[in-house]
Amino acid sequence: MANLRSRISRSILGFCVAAMVTLFCSVAWAEPTLEIEVVDEQGEAIMGAEVVFLELDSEQRTDEEGRASAGLLFGGVHTVLIEADDFESKWAELTIDDASRSATQEIVLSGDEATKSEEERGYTLRTTTASPLENPVQYQPQETLDKLELQRRSANSYGEMLDGSAGVSARSFGPAPARPVIRGLGGERVLVLQNGERTGDVSSTAHDHHIAIDPLEADRVDIVRGPASLLYGSSALGGVVNIMDERIPRQWDEGIFSEAALYGAMGQTTGAAAASAGYGFESTAVRGRVSHRLADDMRTPDGVMPDTSIQGTTADVGTSRQTNAGLYGISVGMQDLVFGLPEALDDPDESVELRSRRFFAQTHAERELSGFFDQVEWRLLANHYGHDEIEIEPGPDGLPEEELELGYQIFAASTSVTLPHGELGPIERGAVGLQLRGRDLALSGDEVLSPDSREGSAGVYIFEEIPLHEMVRLQFGARPEAHFMQPRANSDFDAPQDTHTTPTFSGSFGVHVQPTAGLEMGAQIARAHRVPIIEELYSDAAHLGTGQYEIGDPDLANEIGHGADVHARLVTDVMDTQFSVFFNQIDDFIFLEPTGEVDPVSDYPVFEYRGADARLVGAEWTTKLRPWRDMELRTTLDAVRGVRLTPTRENLPSVPPLRGRFEGGWNAGNMWSMARIRATAAQNLTAPDETRTSGYALLDVEGGFRILRSGAHHMTFRLANIFDTAYRDHLSRVRGLASPMPGRSLHATYRWTY
């Protein structure tokens, strides 16, 4: 405890010093800003309008005075898109000369003003991941990270990038396979999507598997906290992470457009580069992109962690066509990735590598309709994914010998059709949708985990909104779905006699209340589900990548979750604060638990999949303050408690402890700087045979700037864990090291858009 207090004291001292430096630098270098004032035809300010500064990759909402601003280093033409409920969207080009670089522009929105159509401007509006409707109100907590925020968080995996968002932590097994955990739920309960469809990889099945999308390629990430099975079906019981990219062009000007990004890190020695280029015609665009990532073994305060290096390449090409009726596009791509797994740390002569390959094709089509349904949207993502888990040991002649322990081959496809509609009695807006999914799994190697399988699902849903009052809106939805799984024989398993055909039902009901300008509240109750996967039902083998002998249970039942979520948001001139509490009871919750036994052949500890009713409750709080012009203060706190509903009330495994992030700095628009404390409490509420972890506090500083000349240039820097603090995150799956988390590291990212 004394050591923890000492670390916290040093962090606070360093935080104060860093804050003073950032204050001085920001005051010295602050530049004027371009300010937008959004008003209606009567000159009244419009609060909550969305303002998109395209050249800056920045999105803001107007305050109570209808204002939003962006910092500029240089003048030129700035393109802005303004959208607000009950008003026509407006597309504006503002010219600022280099001499003044300071301007306030008033934008007037009206319900009948003629504006450029989406086809004329080459820009297609998107719905959010939490709703199939445009400009939806918020019924459950969600967060969107734009390209600039993703650049600030640059890392080697999405788990590392998203860790620290409210309610989001990371399951860690080295830098490459880190994966998001939402409200204490991870693995199969958090669905990771690519442009709204399933990625086809196996990142959710075990902690040694990775998300098969390079972090440099994301243009936007949506995070939905809480059950989302209504829209996305099984595996969305805990939440959704939707990774959006521009492989299929959705906006363009005529002529050449391009982008390049560089990412480097010291301490976690990494180099990564991505480049894309395309050409836009009047109604057609083509685009190609390639990225490469190379990272050495990760350094911790206790030394280098072997078998954590990364090497990978991703490439794709896409095209789309814009017509008077809609947009149609297709892209194809591949990824080749090799990374180490720190499973054999106790044997310096042995190493483990995971070598993966992914080929994918995706299509997207939107078409305007006339009639009850006003639009149809169709998406398809098809994947061929495979990976090999390789054990490397010295042979009799001293040369390394490789052995395939486990190999995956997967053909998967996911497709959905969404039809938004207009008024229907009391219903103002709504949508119906259809989703189909299929997967063929084949396993090979010396340690085949389970039988092969063929599986699929088909689901339909409705999503409707009813305005009861100008301050009160309701949302409700339902989704019946059917699942099919047929186990098949392979080299190690006979085909089980039982074929699983399972009907399921998800539903939700939400209310949104806005009693006054700047204050909104929402609540949702939901029924969600998850069908057990083949590994949970039939595993019976040593798993090299995780260092465990895993045993399934074919009698496991479906997980059925009943959850409630209540949240509120208050926005004023100087503050934006959000608070949410949640309750989630899951019947037949499936978890992997140690038995205390050791497999005599592999010498691995034995783990069994088991089911028990469980309950998770928690809260999240975020606040952003601007006490004066360019100063920013941010606080994020989250906590979750998970228990089994058994007479002994044992804790659930792998539940993150209480966490807090405290940030302070300056944001002058054109450049910014910030100091941050990441504080985590001890986790003593552990499951049987689960290791307790101590609390810790880390100090980071970061900063960046942007230049608008010959395109847009964005540069960011981050110095993480300044005091090189040794610590263990509770969700780390690395055994054999007291502190397997990264030490002091310097990160830098540069992105150029033209």
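Not measured: the values here are computed from a predicted model. (Residues numbered from 1 in each chain as written. Predicted model: local features only at pLDDT ≥ 70, side-chain atom pairs only at ≥ 80, totals over all residues. Heavy atoms only, no water.)

**Here we look at the layout of surface pockets**
Then step 1. Reported here for the second largest pocket is a volume of approximately 1200 Å³.
Then step 2. His-207, Leu-592, Pro-653, Ser-654 and Arg-733 are the residues nearest the centre of the second largest pocket, which is lined by 48 residues in total.
Then step 3. When residues of the lining of the second largest pocket are traced back to their parent elements, those giving at least two are strand S31 (548-551), strand S33 (575-598) and strand S34 (605-625).
Then step 4. It is S33 that provides the largest number of residues to the lining of the second largest pocket, a total of 6 residues.
Then step 5. The class makeup of the residues in the lining of the second largest pocket is 20 nonpolar, 14 polar and 14 charged. (1 Å grid on protein atoms, 1.4 Å probe; cavity = no way out; pocket = protein on both sides within 12 Å on 5 of 7 lines; lining within 4 Å. Points joined across faces, edges and corners; volume = space filled by probe spheres on them. Helix = DSSP H or I, 4+ residues; strand = E, 2+ residues; numbered from the N terminus. Nonpolar A, V, L, I, M, F, W, Y, C, P; charged D, E, K, R; others polar.)

**Observations regarding the confidence of the model for the protein chain**
Then step 1. Residues at a pLDDT of 70 or more form 89% of the protein chain, whose mean pLDDT is 86.
Then step 2. When the criterion is pLDDT under 50, residues 1-32 qualifies, and its contacts beyond four places in sequence or with other chains add up to 47 contacts.
Then step 3. Per-residue pLDDT stays below 50 along residues 112-127; that stretch engages in 49 contacts with residues further than four places along the chain or on separate chains. (pLDDT = per-residue confidence, 0-100. Contact = heavy atoms within 4.5 Å.)

**Quick look at the packing of aromatic side chains**
Then step 1. The final tally for this structure, using the stated rule, is 4 aromatic pairs.
Then step 2. A ring pair is formed by Tyr-696 and Tyr-727, whose centres lie 4.3 Å apart and whose planes are at 35°; its orientation type is tilted. With Tyr-696 in strand S38 (residues 696-708) and Tyr-727 in the loop between strand S39 (712-720) and strand S40 (745-753), this residue pair connects regions lying 31 residues apart in the sequence. Here Tyr-696 matches Tyr-727 in class, with each residue buried.
Then step 3. The ring of Trp-672 has Arg-152 lying over it, and the distance from NZ or CZ to the ring centre is 4.1 Å. (Phe/Tyr/Trp six-rings, centres within 6.5 Å; stacked < 30°, edge-to-face > 60°. Buried < 20%, exposed > 50% of the residue type's maximum accessible area, 1.4 Å probe, protein only. Lys NZ or Arg CZ within 6 Å of the ring centre and 35° of its normal.)

**A look at the pattern of salt bridges**
Then step 1. Using the criterion set out here, one finds 47 salt bridges in the structure.
Then step 2. Across the pair Arg-299 and Asp-724 runs a salt bridge, and its minimum N-O distance is 2.9 Å. Here the residue Arg-299 occupies a position in strand S18 (residues 299-300), and Asp-724 occupies one in the loop between S39 and S40, the gap between them amounting to 425 residues.
Then step 3. Here Asp-638 and Arg-659 are joined by a salt bridge, their closest N and O atoms 2.7 Å apart. Taken together, the residues span a long stretch of sequence, with Asp-638 in strand S35 (residues 631-644) and Arg-659 in strand S36 (residues 659-667) at a distance of 21 residues. Accessibility assignment for this pair places Asp-638 and Arg-659 in one class, buried.
Then step 4. Sharing partners across several salt bridges, the network here consists of Glu-149, Arg-152, Arg-153, Arg-661, Glu-663, Arg-676, Arg-678, Asp-700 and Glu-702. (Salt bridge = Lys/Arg side-chain N within 4 Å of Asp/Glu carboxyl O.)

**Let's talk about the side chain of Asp-576**
Then step 1. Relative to the assigned elements, Asp-576 resides in strand S33.
Then step 2. Contacts of Asp-576, omitting those with residues within four sequence positions, involve Arg-569, Leu-570, Val-571, Thr-622, Thr-623 and Lys-624.

**Some thoughts on empty space enclosed by the protein**
Then step 1. Tallied over the full model, the rule gives 13 cavities of 30 Å³ or more.
Then step 2. In this structure, the largest cavity encloses a volume near 500 Å³.
Then step 3. In terms of lining, the largest cavity is formed by 34 residues, of which the most central are Glu-188, Arg-198, Ser-235, Arg-437 and Arg-439.
Then step 4. For the lining of the largest cavity, the secondary structure elements donating two or more residues are strand S11 (190-194), strand S23 (375-394), strand S24 (400-421), strand S25 (429-444), strand S26 (452-469), strand S27 (472-488) and strand S28 (500-516).
Then step 5. Split by residue class, the lining of the largest cavity holds 13 nonpolar, 13 polar and 8 charged.
Then step 6. Pro-215, Leu-216, Ala-218, Ala-261 and Arg-751 are the residues nearest the centre of the second largest cavity, which is lined by 21 residues in total.
Then step 7. Elements represented by at least two residues in the lining of the second largest cavity include exactly helix H3 (147-152), strand S15 (255-266), strand S16 (270-280), strand S17 (284-295) and S40.
Then step 8. With 4 residues, the single largest contributor to the lining of the second largest cavity is S15.

**Observations concerning unusual backbone geometry**
The general pattern is negative phi for most residues beyond glycine and trans for most peptide bonds.
Then step 1. The residue Asn-195 is not glycine, and still its phi comes out positive at about 55°.
Then step 2. Here Asn-195 lies in the loop between S11 and strand S12 (197-198).
Then step 3. The backbone phi angle of Asp-689 is positive, close to 65°, even though this residue is not glycine.
Then step 4. Along the chain, the position of Asp-689 falls in the loop between strand S37 (671-680) and S38.
Then step 5. Look at Asp-689 and you get exposed, because its relative accessible area is 63%.

**Description of the pairing of S37**
Then step 1. S37 sits mainly inside the fold: 7 of its 10 residues count as buried.
Then step 2. Pairing of S36 with S37, which is carried by 9 bridges, proceeds in the antiparallel orientation. The residue bridging Trp-666 from the neighbouring strand is Ser-673, located in S37.
Then step 3. In this sheet, S38 lies alongside S37 in antiparallel orientation, the contact comprising 10 bridges. When the bridges of S38 are listed, Thr-680 appears paired with Tyr-696. (Pairing = 2+ DSSP bridges.)

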